[in-house]
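Now for the letters of each chain:
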Amino acid sequence: MKTIYFDNNATTKVAEEVLEEMRPLFCELYGNPSSMHTFGGQIGRRIRKAREQVAALLGCDPSEVIFTSCGTESDNAAIKGTLAALPDKRKVITSRVEHPAVLQVCRSLENHGYTVVEIPVDKHGRLDLDELERQIDDDTALVTVMYANNETGVVFPVEKIAEMTAGKAAAFHTDAVQAIGKIPLNLAKSRIDLLSISGHKLHAPKGVGVLYVRKGTRLQPFMLGGHQEAGRRAGTENVPSIIGLGKACELAGKNIKQENQRVKCLRDKLETAILAKCPDCRLNGDKDNRLPNTSNISFEYIEGEAILLMLDKFGICASSGSACTSGSLEPSHVLRAMGVPFTAAHGSIRFSLSRYNTEEEVDYTIEKMPEIVNKLRELSPFVPK
Ligand code: PLP
């Protein structure tokens, strides 16, 4: 059975071109870039190229790119590194709908004497900007708000928030793990100080990420040890994955608008048909201000997990929340923050597409979804008679 993969916000396929670029780095060019010999030195040149490729996609200077081991590390490094550099300030502002890589870090700070403010969202998942602005004061070290939500795809006005934050002399970090490759960025023209990305969300391998740090931003290194990454992140570089991430950024930057327009058309076709053909379902998240690839739909009276299992029987992969929260019976904290009723939050499914999806896959899923929903509702004790 062919797999139809609609779970690209969880992780993506490594692009063939990326794999090809990485291949020689395992058994032929395996030197350590920190070594003095030519064999190791040539690896340094390749890392420089990867740094330039990442910088081109971010619209920044290569010196502002720090390679890390994942998005989670980038988020931790940004938050903890900023607070260590600004020890006199004791307040951090974030949102209620962040990925755990930010939310858990922020919540842990409360045990260390920090005031942590979580800004609420409305029923469409939009951030309360007035409340955010009111909260930024002289004691605020950092505002950390995601670029785009991993569960609903809702995009936050981060440039506006970065301006607000700069005006109050606090640092601004954004987790752009889901935005990268889907939204064009130009950090040279932005007030964003720190930005996290992760390789495995844009067709590079798992286990590599980037923290962008704007020149002049105060940050203490998170990982201490050797002098790698100009002393800003110790640890021998994950060379093949860094090279792969460079290539993935180059590919993502090519035709970024056209590629995402095509993905959006497929997503819209899937979403519109499901909403039309399945009664008692609703879209979660701001329809007009979303990533082009993401659709989060709640189906009343049935469990998201049950839908996933039935989809799986047809080879269709989707998700009932973020991969990190699946396995827990708690409904998604994102949907709960948006005030989605408990039953609807439990019956939510996220479809997340990529440039590798086809119209045939969308059509097949459109055919199967009403069948699955009807069958589960026939068995459900919650459907009103
Ligand atoms: N931030 C967001 C918004 C994510 O969606 C994810 C992964 O799902 C992460 C951070 C964590 O990235 P990584 O898996 O590379 O640690």
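None of the values given here were measured: they were computed from a predicted structure. (Residues numbered from 1 in each chain as written. Predicted model: local features only at pLDDT ≥ 70, side-chain atom pairs only at ≥ 80, totals over all residues. Heavy atoms only, no water.)

### A short note on the environment of M310
- Summarising the element assignment, M310 is placed in helix 10 (residues 304–313).
- Separated by 87 residues in sequence, M310 and M223 place their C-alpha atoms 44 Å apart.
- In contact with M310, other than residues within four places in its own chain, are I372, K375 and L376. (Helix = DSSP H or I, 4+ residues; strand = E, 2+ residues; numbered from the N terminus. Contact = heavy atoms within 4.5 Å.)

### Description of the sheet that holds strand 9 (residues 281–283)
- Taken in spatial order, the 3 strands line up as 9-10-12 in an open sheet, and their pairing is antiparallel. Strands at the two margins of the open sheet, each flanked by one partner only, are strand 9 and strand 12 (348–352). On average, each strand axis in the sheet is tilted by 25° relative to the strand beside it, whichever way the strands run.
- Alignment of strand 10 (residues 294–299) against strand 12, held across 5 bridges, turns out to be antiparallel. Residue pairing across strands places T294 opposite S352, the latter belonging to strand 12. (Pairing = 2+ DSSP bridges. Axes fitted to C-alpha atoms, helices over the stretch in contact; angles between N-to-C directions.)

### A word on the site of the ligand
- Around the ligand, a shell composed of 13 residues is seen, among which T72, D175, Q178, S198 and K201 lie nearest.
- Between the ligand and T72 there is a distance of 2.6 Å, counted from an oxygen atom to a side-chain nitrogen or oxygen.
- Between the ligand and Q178 there is a distance of 2.8 Å, counted from an oxygen atom to a side-chain nitrogen or oxygen.
- Compared with its free state, where it exposes 390 Å², the ligand has 90% of that area covered by protein.
- Sort the elements by how many residues they give to the shell around the ligand and helix 4 (residues 71–85) lands first, with 3 residues.
- A class-by-class count of the residues in the shell around the ligand yields 3 nonpolar, 7 polar and 3 charged. (Near = heavy atom within 4 Å. Polar contact = N/O pair within 3.5 Å; in protein donor to acceptor, adjacent residues only side chain to side chain. Areas by Shrake-Rupley, 256 points an atom, 1.4 Å probe, with all protein chains shown as cover. Nonpolar A, V, L, I, M, F, W, Y, C, P; charged D, E, K, R; others polar.)

### Remarks on the side chain of T152
- Mapped onto the secondary structure, T152 falls in the loop between strand 5 (140–144) and helix 7 (158–167).
- A distance of 3.2 Å separates the side chain of T152 from the backbone nitrogen of V154, its partner in a polar contact.
- Among all residues touching T152, those that are not within four sequence positions of it are N284, G285, R290, T294, N296, V334, L335 and M338.

### Some words on helix 7
- Of all the residues in helix 7, the buried ones are V158, I161, A162, M164 and T165. For helix 7, the arc enclosing every buried residue in end-on projection is 160°, short of the 170-degree limit, so these residues lie on one face. For helix 7, exposure combined with an orientation more than 90 degrees from the buried face picks out K160 and G167.
- One or two steps after helix 7, the chain reaches A169, where phi turns positive at roughly 60°. (Buried < 20%, exposed > 50% of the residue type's maximum accessible area, 1.4 Å probe, protein only. Arc of directions from axis to C-beta.)

### A look at the sheet that holds strand 5
- Taken together, 7 strands build an open sheet; the order of strands is 2-8-7-6-5-3-4 and the sheet is mixed. Where the open sheet ends on each side, the last strands, each with one partner, are strand 2 (65–68) and strand 4 (115–119). Strand-to-strand, the axes of this sheet are offset by a mean angle of 20°, without reference to chain direction.
- Summarising the sheet, strand 3 (residues 91–95) and strand 5 pair through 3 bridges and their orientation is parallel. Among the inter-strand pairings, I93 is bridged to a residue of strand 5, identified as V143.
- Of the strands in this sheet, strand 2, strand 7 (194–198) and strand 8 (209–213) touch helix 3 (residues 38–58), which is tilted by about 115° from strand 2.
- Here helix 4 sits on the sheet in contact with strand 2, strand 3, strand 5, strand 6 (171–175), strand 7 and strand 8, set at roughly 160° to strand 7.

### Examining the packing of aromatic side chains
- Taken as a whole and assessed by the stated rule, the structure comprises 2 aromatic pairs.
- Judged by centre distance (6.3 Å) and plane angle (80°), the ring pair of F6 and F351 falls under edge-to-face. Taken together, the positions of F6 in the loop between strand 1 (4–5) and helix 1 (16–22) and F351 in strand 12 put the pair 345 residues apart, joining distant regions of the chain. F351 carries the same exposure label as F6, and that label is buried.
- Ring geometry for Y30 against F39: centres 5.1 Å apart, planes inclined by 70°, an arrangement best described as edge-to-face.
- Judged by its relative accessible area of 54%, Y30 falls in the exposed class.
- Lying over the aromatic face of Y356, K13 brings its terminal NZ or CZ to 4.7 Å of the ring centre.
- Taking NZ or CZ as reference, R90 lies 4.1 Å from the ring centre of Y114, over its face. (Phe/Tyr/Trp six-rings, centres within 6.5 Å; stacked < 30°, edge-to-face > 60°. Lys NZ or Arg CZ within 6 Å of the ring centre and 35° of its normal.)

All quantities given are derived from atomic positions and should not be read as evidence of function.
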